[in-house]
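Residues per chain are reported as follows:
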Amino acid sequence: MKASEDIFSMRNEVPLPCTTQPQPGDQIETLDIVIQNDANRFCEDDKQWLKSIINLETNHGVIDKSRKLKLEKVPRIFREKKAKKNCFDPLVVSIGPYHHGKPELQFMEKHKLTMAQQYVSNNLHMLEALYKKVLDVAKPARECYSDEDSIKKFDDKQFIRMMVLDGCFVLQFIYCFAQDKRDLLKMKSNIAACVQRDLLLLENQLPFPVLKELMSFRFSEDQWKKMLSNFVAQIRGPVKINKSFSRKAQAQADHQLIHFEDEPAHLLEVVRTQLIEKSAYTIPPPSCSDWSSYRSTKELKAVGIHFRPSKARKFTDVTFISMFFEAFLKLPPITIDDSTESMLLNMVAYEACPEGPDDFGVSSYVCFMDSLIDHAEDVKELRSKGILFNFLGSDQQVADLFNQIADNLVPNPYAYAVVKHRIEKHYKNKIKIWLAEWFHTHFTSPWTVIAFFAATFALFLSAIQTYWAVKPGHS
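Per chain, the residues get numbers from 1 upward, laid out in the order the sequence is written. For a predicted model such as this one, the threshold for reporting local features is a pLDDT of at least 70, and the threshold for listing and counting side-chain atom pairs is 80 or more; totals across whole chains, interfaces and linings nevertheless cover every residue. Water and hydrogen atoms were dropped before computing side-chain values, which therefore reflect all heavy atoms in the structure.

Undergrad: Sorry, what's going on with the nonpolar core here?
TA: Across soluble globular proteins, you tend to see nonpolar side chains buried next to one another. Counting 112 residues, the largest nonpolar core has Phe173, Leu267, Leu329 and Leu388 as the members making the most contacts within it. No other element matches helix 6 (residues 156–178), which puts 15 residues into this core. Any two residues whose heavy atoms approach within 4.5 Å are treated as being in contact. Filtering out sequence-adjacent residues up to four positions away, Phe173 remains in contact with Met115, Leu185, Met187, Ala192, Val195, Gln196, Leu199 and Phe231. Buried residues of nine kinds, namely Ala, Val, Leu, Ile, Met, Phe, Trp, Tyr and Cys, make up a nonpolar core once their side-chain atoms join them within 4.5 Å. Partly exposed describes any residue whose relative accessible area lies between the buried limit of under 20% and the exposed limit of over 50%, with all areas from a 1.4 Å probe on protein chains only and scaled to the type maximum. Starting at the N terminus, helices and strands are each numbered in turn, a helix being any DSSP run of H or I of at least four residues and a strand any DSSP run of E of at least two.

Undergrad: Can you help me understand a positive patch on the surface in this one?
TA: A surface patch of like charges, here positive, comprises Arg308, Lys311, Lys330 and Lys385. The topology assignment puts Lys330 in strand 5 (residues 327–331). Relative accessible area serves as the criterion here: at 31%, Lys330 is assigned to the partly exposed category. Patch definition: residues with relative accessible area over 30% and no salt bridge; like charges joined within 9 Å; nonpolar side chains (Val, Leu, Ile, Met, Phe, Trp, Tyr) joined within 5 Å. Note on areas: these come from Shrake-Rupley sampling with a 1.4 Å probe, and a residue is covered only by the protein chains present in the view. Salt bridges are defined as contacts in which a side-chain nitrogen from Lys or Arg sits within 4 Å of a carboxyl oxygen from Asp or Glu. Charge convention: Lys and Arg are scored as positive, Asp and Glu as negative, and His as well as the terminal groups of each chain are ignored. Where a charge sits is defined by one atom per residue type, namely NZ (Lys), CZ (Arg), CG (Asp) or CD (Glu).

Undergrad: Mind showing me how you'd approach the pattern of salt bridges here?
TA: Scanning the model with the defined rule gives 19 salt bridges in all. Put simply, Glu109 and Lys112 hold a salt bridge, and the shortest N to O gap is 3.0 Å. Of this pair, Glu109 and Lys112 both sit in helix 3 (residues 109–119), separated by 3 residues, roughly a single helical turn. Overall, Glu109 belongs to the buried group, its relative accessible area being 19%. Bridged by salt links that share partners, the residues Arg79, Asp89 and Glu203 form one connected network.

Undergrad: Which parts of the structure should I look at to understand a nonpolar patch on the surface?
TA: There is a patch of nonpolar side chains on the surface, built from Phe457, Phe460, Leu461, Ile464, Tyr467 and Trp468 and spanning about 640 Å² of accessible area. Note that Ile464 resides in helix 19 (residues 446–470).

Undergrad: Explain the sheet that holds strand 4 (residues 319–322) here, please?
TA: The strands making up a sheet are joined through hydrogen bonds of the backbone, oriented either antiparallel or parallel. The strand order 3-5-4 describes an open sheet built from 3 strands, whose pairing is mixed. Strands at the two margins of the open sheet, each flanked by one partner only, are strand 3 (305–309) and strand 4. Mean inter-strand twist for the sheet, computed between neighbouring axes without regard to direction, equals 20 degrees. Whether two strands pair comes down to DSSP finding at least two bridges between them. Where strand 3 meets strand 5, 5 bridges bridge the pair, whose relative direction is parallel. The residue bridging Arg308 from the neighbouring strand is Lys330, located in strand 5. Note on definitions: angles span 0 to 180 degrees between N-to-C directions of axes, and those axes are lines fitted to C-alpha atoms, for helices only across the stretch in contact.

Undergrad: Just checking my understanding: could you explain unusual backbone geometry for this structure?
TA: If a residue is not glycine, its phi is most likely negative; likewise, a peptide bond is most likely trans. Unlike most non-glycine residues, Lys186 shows phi in positive territory, near 55 degrees. Within the secondary structure layout, Lys186 lies in the loop between helix 6 and helix 7 (189–198). The phi torsion at Tyr416 lies on the positive side, around 55 degrees, for a residue other than glycine.

Undergrad: Looking at this structure, I do not really get the packing of aromatic side chains. What am I missing?
TA: Here a ring pair, both rings aromatic, is described through the centre-centre distance and the interplanar angle of the planes. Note on ring pairs: Phe, Tyr and Trp rings are taken, using the six-membered ring of Trp, and paired if centres are within 6.5 Å. Classes follow the plane angle, with under 30 degrees stacked, over 60 edge-to-face and the rest tilted. Applying the stated rule across the entire model yields 10 aromatic pairs. Ring geometry for Tyr145 versus Phe159: centroids 6.2 Å apart, planes at 85 degrees, classification edge-to-face. In this pair, Tyr145 sits in the loop between helix 4 (124–144) and helix 5 (148–151) while Phe159 sits in helix 6, placing the two residues 14 residues apart along the sequence. Assigned by exposure class, Tyr145 and Phe159 land together as buried. Feature note: the residues Tyr98, Tyr145 and Phe159 constitute an aromatic cluster, connected by ring pairs.

Undergrad: Got a minute to help me understand the packing of helix 6 against helix 9 (residues 221–236) in this structure?
TA: Between two packed helices, both the angle of their axes relative to each other and the distance between the axes serve to describe the pair. Contact geometry of helix 6 with helix 9 gives a least axis separation of 8 Å together with a crossing angle of 70 degrees. On the basis of the axis angle, helix 6 is roughly perpendicular to helix 9. Of helix 9, the residues touching helix 6 (which contributes Phe173, Ile174, Tyr175, Phe177 and Ala178) are Met227, Leu228, Asn230, Phe231 and Gln234. Amino acids are sorted into nonpolar (Ala, Val, Leu, Ile, Met, Phe, Trp, Tyr, Cys and Pro), charged (Asp, Glu, Lys and Arg) and polar (every other residue, Gly among them). Across the contact of helix 6 with helix 9, the residue classes tally to 8 nonpolar, 2 polar and no charged. Each angle is binned into one of four classes, with values under 35 degrees roughly parallel, values over 145 roughly antiparallel, values of 65 to 115 roughly perpendicular, and all other values oblique.

Undergrad: What am I meant to see in the environment of Gly361 here?
TA: Mapping Gly361 onto the fold places it in helix 14 (residues 361–372). By relative accessible area, Gly361 is classed as buried at 0%. Sequence separation between Gly361 and Leu275 is 86 residues; the distance between their C-alpha atoms is 8.5 Å. Residue contacts for Gly361: discarding those within four places in its chain leaves Arg272, Ile276, Tyr281 and Glu351.

Undergrad: Would you mind going over the packing of helix 15 (residues 376–384) against helix 16 (residues 395–405) with me for this structure?
TA: Orientation of helix 15 relative to helix 16, taken along the N-to-C sense of each, is 105 degrees, at an axis distance of 8 Å. As judged from the angle between their axes, helix 15 and helix 16 are roughly perpendicular. When helix 15 is examined against helix 16, the residues Ala376, Val379, Lys380 and Arg383 are found in contact with a partner set consisting of Asp395, Gln396, Val398 and Ala399. For the contact of helix 15 with helix 16, the residue count by class is 4 nonpolar, 1 polar and 3 charged.

Undergrad: Can you walk me through helix 16 in this structure?
TA: Where helix 16 is concerned, the buried positions are Asp395, Val398, Ala399, Leu401, Phe402 and Ile405. What you see down the axis of helix 16 is that its buried residues fit within an arc of 155 degrees, all on one side. It is the directions from the helix axis to the C-beta atoms that the arc portrays.

Undergrad: Would you explain the pairing of strand 5 in this entry?
TA: Within a regular strand, side chains alternate between the sheet's two faces. For strand 5, the buried fraction is high: 4 of the 5 residues fall into the buried class. Note that strand 4 and strand 5 share 4 bridges and pair antiparallel. Bridge assignment links Phe320 to a residue of strand 5, and that residue is Leu329.

Here it is as structure tokens:
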């Protein structure tokens, strides 16, 4: 029998035909029954199935490492959290197919017509030419959406019209915001704020090639890149809010033309790329050990680590400088308001998607801030140093925001590795900690510092006076 065959034997003792019971010593015949299971044999069909695995094209699902433009839905693990559920659904406007047709969003559909009219300057010929441009990219744009159930509800003509109206709405809104012409929107400020929030939802996006065609129709490449740069700067907060360096320097940092290493998938990724520097997530030096001890702002301050705003505003602009008995941790300034939680959650959800970016940049930033912020006192310290600008409410609300978003997030293992290593090294230096604690205990106000130096100077003068009083030959 072959070892690969599933065979078992049944030995059934069959007595010889007789009318009497077998006696000891009588010969008994045995019957071997062999049953072979054909389903478990290695056959040609199995060989073809194994061959299909070897020849599988590596462009499916999580196997794919190449860059593909995909507009995906929020992963289930994020949707299941009740506290975060509302952060993924639009409040006033649907963009694209995923939320199209919802009754609560219908009032904005009429306004899309007005915005499209504005975008083409009320010119029918321009609108016809723009429609033809969208026709050229409609088929690949349709393939960008990963949820087929949402797409099949639209025929080709309906899909193209949706791309035209939604695209014109998005770009006219961005134009009015970037050029500070918000009166053209004909929206109340609270509605405009909700629209801005809705444009940065993962499930409320248009493929970037569609937006690019529409922008190129009206603007030059430098013009639309500058427009997007200004819009991103508006999202991150007003320029004049950071006083740690000149307004001119900050304006230059915020309004540099957008540069893409790879074409983004959608507007949300455009904003994300302006917050993350990919080169920051390189393999750290071998001397950097894993940072397993997470300490709050309050604890770090107690050992002589002070906080300062960094001059750039990307989430990756984090540096640590250690001196004799004190150190400085520089963090990018960030404005916290009603839309911040939604924006950060949708970015980390995008990073968690199979086709999303694999640097986990925003997830790493949120986890790093979560390690620094435990309570309202930590927020107060960062706020007093010009790092957090709280337009949300109480300091405890800001602390809860970071703590809740960071729940179950997995950061990039290389993110801030050098900074974390230096913090840990400073924290383990007993001499620095002793000096920092002594200074923190005895010099809590400027008056104690002045008193210390005055007493030191008085002791110095007294020592000199004593020396000359007892020196031999002194007259």
